[in-house]
Amino acid sequence: MSNVSLQIDGKAVSAKEGMTLLEAARGAGISIPTVCYHEKLEPFGGCRLCVVEVEAGGRKSLVAACTHPVQQDQTVNTRSKQIDGIRKVLTEQLLAYAPESEVLQALAREYKADKDRFPREPSFCILCGLCVRYCAEVKQKYAVGFVDRGPSREISFVPELAATECWDCKQCFPLCPTSALQAAFVLTRSLRASPSPARPALNKQVETAPVPE
Amino acid sequence: MDTARIESIIDSHDGEASSLIQILLDIQNELHWLPAEALQLVSERLQVPMSRIQHTATFYKAFSLVPKGRHEINICMGTACHVRGAPRVLEVVQNITGIQPGETDPDMKFSLDTVNCLGCCALGPVMEIDEQHLGKLVPDTAAEVLKKYE
Amino acid sequence: MINSPAELEQRRQEILSGRDAGKPRVSVCAGAGCLATGASEVISAFNAEIEKQGLTGEVRAKGTGCPGFCERGPVVVVDPQQACYLQVTPDDVPEIVAQTIKENKIVERLLYTDPTTKEKAVRESDIPFYKNQERNIIGNNIKIDPKSIDDYLALGGYSALAKALFQMSSEQVVEEVRKSGLRGRGGGGFPTGIKWDAARNAPGDTKYVIVNADEGDPGAFMDRAVLEGNPHSILEGLIIGAYAIGANEGYVYVRQEYPLALENVGIAIRQARENGFLGKNILGSGFDFDVKVHRGAGAFVCGEETALLLSLEGRPGEPRSRPPFPATKGLWGKPTNINNVETWANVPLIINRGADWFNQFGTAKSKGTKIFSLVGKIRNTGLVEVPMGVTLRDIIYKIGDGIPGDRKFKAVQTGGPAGGCIPEEHLDIPVDFDELIKAGAIMGSGGMIVMDQDTCMVDVARYFVNFLTQESCGKCSPCREGIKQMHRILTNITEGRGKDGDIELLEELAMSTGSASLCALGRSAPNPVLSTLRHFRQEYEAHIREKRCPAFSCKELVSYYIDPEKCEACLICFRKCTSEAIQGAKHRIHVIDQAKCNKCGTCFEVCPSRFGAVMRLSAEPVPGPLPDELRIIVRKKKAKNEQRETI
């Protein structure tokens with residue numbers, strides 16, 4: 001692995017080839033906000049709060065620091081009017097789902113985000129996917145996953161697996177930036193009483209799943 | 001459910017995990033929906049976690065996790081159809097069938113869906129019923145057409 | 001099995017010698033558009049009639065690829081006269097067989113008639129729709145039965161492959177494509193030669209080439225026409241590309257909404273294998289390559305390269321960050337080159353005729369021809385292939401013959417959901433990759449949707465954003481949430497709940513979604529909003545401030561009203577009303593019950609234009625109904641003229 005030197009916020013930074021901008025910045029003590037990042041997991045690039053401005057070969061572009069690899073002689077800016085503006089809007093959008101989340105409230109203070117900017121939809125889940133990816137990549141249990149797409153995307157436990165695997169694990173709970181995962185898990189159990197009309201095929205499994213105690 | 005049929009679909013793709021989408025499409029074409037038992041079987045045979053199958057089956061629009069009605073109505077919502085009045089056709093069809101896109105009526109007569117472009121833009125607005133294309137629709141002809149179905 | 005270029009040429013001569021060019025031939029477009037208007041019945045009618053009139057063995061009727069003139073389908077061409085008959089029904093067939101085939105006479109009534117000069121056009125090339133095109137790619141469609149490799153071979157098919165394999169090094173093939181200036185036809189417009197070079201130079205023994213036939217833009221069907229109509233041209237391009245890059249395996253990724261394309265591509269692959277164009281030791285060159293078909297299961301985002309690759313691996317198509325690019329890390333982590341259908345179809349032409357030939361078409365930085373699907377409020381709907389650089393005005397008026405009815409042109413939308421709307425004042429820009437971007441739109445895959453005065457531009461923006469809410473994969477938050485919020489605001493505006501600040505909020509969301517999203521879907525999602533705001537801001541303002549839809553299109557802002565002065569109580573609208581909202585009877589002026597009206601607009605459309613009694617109102621109160629006693633029409637007959645009077 002050869003060394004790569006670049007500039008982040010005017011500071012000369014040295015990094016290893018193959019590192020991401022986020023790793024390089026954090027290694028140099030420069031903080032970049034993230035919600036979906038976790039050092040044990042593959043970079044996801046979902047929350048996009050880590051957008052930074054990269055200048056290479058005279059071209060400026062906005063990239064996600066958590067997925068973008070370092071390059072020799074890159075110039076990186078982690079704050080600008082545009083970046084702050086993006087982080088503000090993104091925080092506001094996520095706050096609509098989880099207004100009480102401490103992680104989001106801290107971001108709101110930093111980027112002057114208004115938690116009432118968008119209509120409330122307190123599902124508590126901001127779809128960072130930490131639980132899904134931790135369960136798959138670290139635990140390799142695949143007990144929780146995404147379902148559907150776009151604005152209809154949700155996380156969903158596979159009931160049979162949740163019944164056998166989750167009760168003694170719960171390692172994803174503390175990862176949740178909105179503390180809502182437990183709610184989702186409890187919800188899975190309660191679903192037995194009220195199957196979702198939209199997804200009977202999934203309910204079928206819910207109905208046959210034993211209740212974890 | 002015809003387990004042997006599902007098994008043979010899986011076999012025809014050599015039980016490859018990378019063929020998951022192709023296998024689900026074949027099952028969908030055969031049964032017109034994806035029953036939970038079929039997904040379970042696919043998960044076991046392909047050694048693909050159920051959570052990924054759930055995600056895949058809900059991610060792609062071709063799949064349905066509910067049984068379909070006797071007649072499948074697809075209304076094209078492509079841009080050409082849209083500017084020629086497809087939303088008005090859709091609304092009339094919704095009123096008559098009493099269902100929204102993605103739904104099936106309680107009598108299992110009709111399933112209604114919208115599609116993004118059937119590629120018959122010259123005929124817009126286009127409605128497809130049981131794979132038959134009906135073109136240049138206006139709300140009242142769409143209403144007439146539906147009366148023919150039992 | 002064909003084992004050498006010499007055998008290929010021999011095979012071609014055999015096919016040609018079996019075909020007498022003077023013999024009558026009937027070609028019926030069997031593309032999806034014409035099939036929907038009854039082309040297969042027309043083909044059956046020809047076969048039956050040919051037998052009935054004792055011509056079996058003398059005449060061949062075949063279904064062919066789509067020649068593009070969908071508006072007038074089913075299209076039939078009879079050779080050797082080259083007579084092009086339009087809107088043919090099975091009832092017309094006996095006359096065509098008796099007259100044209102037997103008597104060598106043209107059936108005038110089925111020809112194209114110029115709407116102004118009333119002149120008839122016998123041949124395809126005489127019809128203005130075709131005359132102004134340059135049909136390098138789709139021109140052959142009507143000559144080819146897509147289910148027969150012989151038709152393709154007869155036209156010199158696979159000779160470009162033989163040339164590449166036996167007369168050119170892989171490097172020379174890449175260089176020829178680079179020199180041609182070919183740019184990706186799927187939307188990005190990236191130079192194809194540079195892309196190929198990157199995949200060629202990427203380290204690794206296993207490489208892949210892929211045809212992206214996940215044509216998802218609503219209102220675009222040019223890829224479908226090539227896949228259905230001339231699948232071998234795509235395969236030939238793909239095999240040449242595989243040779244150039246060093247790939248031995250390939251995929252054709254076709255959306256399952258195109259069953260006929262899937263069928264024809266499947267048949268073409270089988271025939272190519274049987275004839276030695278796919279498999280081991282292709283044409284005896286020592287080069288091995290084979291291809292599989294993957295059906296897309298309905299996700300627009302899979303047109304994005306990294307999503308397409310995940311989908312090929314059997315996963316949900318959620319894009320991942322680039323770099324690394326597919327050229328170095330693609331399918332299963334191996335170097336992969338993905339090109340669109342039309343891009344691949346250009347390759348055999350470039351290899352056969354050379355980069356300089358290709359270069360003569362187009363503008364400085366956009367070379368060759370491009371197929372557009374010209375749809376919407378246009379007289380001649382269909383596929384048009386023109387050299388890059390032709391003006392939008394020429395496409396819309398010379399080829400498309402303008403706007404139907406007495407309506408006025410308002411805008412043309414190009415580039416699909418990532419594109420933009422271009423107003424009248426920019427119609428003279430030459431159509432190429434860069435000029436369209438300057439006008440706030442993009443080339444995209446070639447959708448061209450014409451809109452007239454009845455199209456609401458806020459509604460168009462809402463339409464595209466709605467499309468994207470359904471098609472966003474939901475992985476990254478700026479796209480998932482930004483599109484959702486833009487959709488909410490646009491819906492509010494079109495439904496009369498717009499408020500001050502909405503436009504500014506749309507612009508802010510457009511900025512965050514457009515600059516922070518993970519993939520091109522999100523990054524281009526704001527374009528329909530931004531381009532309509534740029535050219536039609538006053539329409540947004542009318543909706544927000546006056547609750548008025550200037551196009552009378554937004555249902556919540558429009559009312560239908562029957563002018564009692566003009567109503568002749570003809571009962572047409574009464575009968576056609578889809579919600580039983582019209583009260584009326586013979587000799588009784590009709591009245592719309594506003595509470596029951598579902599605003600479907602049927603009454604407005606069916607009211608005879610000589611009455612013009614049904615009116616659309618927006619931001620105006622609907623006058624109350626006349627008292628019952630004033631609604632009776634008494635007609636007094638005076639000579640031939642009817643005079644009406646209400647009591």
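Refer to the structure above for everything that follows.
Described below are features of the structure shown in this document. (Residues numbered from 1 in each chain as written. Chains lettered and ligands numbered in written order. Predicted model: local features only at pLDDT ≥ 70, side-chain atom pairs only at ≥ 80, totals over all residues. Heavy atoms only, no water.)

Structural notes on the sheet that holds strand S2 (residues 60–64) of chain C
Residues and elements named next belong to chain C.
Point 1. Strand order in the open sheet made by the 4 strands is S2-S1-S3-S4, with mixed pairing throughout. Strands at the two margins of the open sheet, each flanked by one partner only, are S2 and strand S4 (83–85). Taken over all neighbouring pairs, the strand axes of this sheet differ in orientation by 20° on average, direction set aside.
Point 2. Pairing analysis gives 3 bridges linking strand S3 (residues 76–79) to S4, with the strands arranged antiparallel. (Pairing = 2+ DSSP bridges. Helix = DSSP H or I, 4+ residues; strand = E, 2+ residues; numbered from the N terminus. Axes fitted to C-alpha atoms, helices over the stretch in contact; angles between N-to-C directions.)

A short note on the interface of chain B and chain C
Point 1. With 41 residues of chain B at the contact, the number on the chain C side is 58 residues.
Point 2. For the pair chain B and chain C, the summed buried surface comes to about 3800 Å²; carbon and sulfur atoms form 54% of the total.
Point 3. It is Phe59, Thr79 and Val83 of chain B that lose the most area in chain B upon contact with chain C, and together they represent 16% of the buried surface on that side.
Point 4. Taken together, the connections running from chain B to chain C amount to 5 salt bridges.
Point 5. Between lysine 555 of chain C and glutamate 91 of chain B there is a salt bridge, with the nearest N and O atoms lying 2.5 Å from each other.
Point 6. Here chain B is connected to chain C by 24 residue pairs in polar contact (both at pLDDT 80 or more). (Contact = heavy atoms within 4.5 Å. Buried area = accessible area lost by both parts, 1.4 Å probe. Salt bridge = Lys/Arg side-chain N within 4 Å of Asp/Glu carboxyl O. Polar contact = N/O pair within 3.5 Å; in protein donor to acceptor, adjacent residues only side chain to side chain.)

A closer look at the sheet that holds strand S10 (residues 336–340) of chain C
Residues and elements named next belong to chain C.
Point 1. Here 4 strands make up an open sheet; going across it, the order is S9-S8-S7-S10 and the pairing parallel. Strands with a single pairing partner mark the edges of an open sheet, and in this sheet they are strand S9 (290–296) and S10. With strand direction ignored, the average angle separating the axes of adjacent strands in the sheet is 20°.
Point 2. Where strand S7 (residues 208–213) meets strand S8 (residues 249–255), 6 bridges bridge the pair, whose relative direction is parallel. By the bridge assignment for S8, valine 209 is matched with glycine 250.

Looking at the packing of aromatic side chains
Two aromatic rings are characterised by how far apart their centres lie and by the angle between their planes.
All names here are of chain C.
Point 1. By the definition in use, this model includes 18 aromatic pairs over all chains.
Point 2. Judged by centre distance (6.4 Å) and plane angle (5°), the rings of phenylalanine 287 and phenylalanine 289 are stacked. When sorted by exposure, phenylalanine 287 lands in the same class as phenylalanine 289, which is buried.
Point 3. Counting every residue linked through ring pairs, the aromatic cluster contains Phe69, Tyr112, Phe129 and Tyr130. (Phe/Tyr/Trp six-rings, centres within 6.5 Å; stacked < 30°, edge-to-face > 60°. Buried < 20%, exposed > 50% of the residue type's maximum accessible area, 1.4 Å probe, protein only.)

Quick look at the interface of chain C and chain A
Point 1. Each partner contributes residues to the interface: chain C has 31 residues there, and chain A has 29 residues.
Point 2. For the pair chain C and chain A, the two sides together bury roughly 2500 Å², of which 52% comes from carbon and sulfur.
Point 3. Broken down residue by residue, the surface that chain C buries against chain A is led by Lys475, Arg480 and Lys484 of chain C, which jointly contribute 20%.
Point 4. Summed over the shared surface of chain C and chain A, the result is 4 salt bridges.
Point 5. In this structure, the salt-bridge partner of arginine 117 of chain A is glutamate 508 of chain C, at a minimum N-O distance of 2.6 Å.
Point 6. Connecting chain C to chain A are 19 residue pairs in polar contact (both at pLDDT 80 or more).
Point 7. Among the elements of the structure, helix H18 (457–471), helix H19 (477–494) and helix H20 (502–516) of chain C are those that each provide at least two residues to the side of chain C that touches chain A.
Point 8. Looking at which element gives the most residues to the side of chain C that touches chain A, the answer is H19 of chain C, with 8 residues.
Point 9. Classifying every residue of the side of chain C that touches chain A by side-chain character gives 10 nonpolar, 12 polar and 9 charged. (Nonpolar A, V, L, I, M, F, W, Y, C, P; charged D, E, K, R; others polar.)

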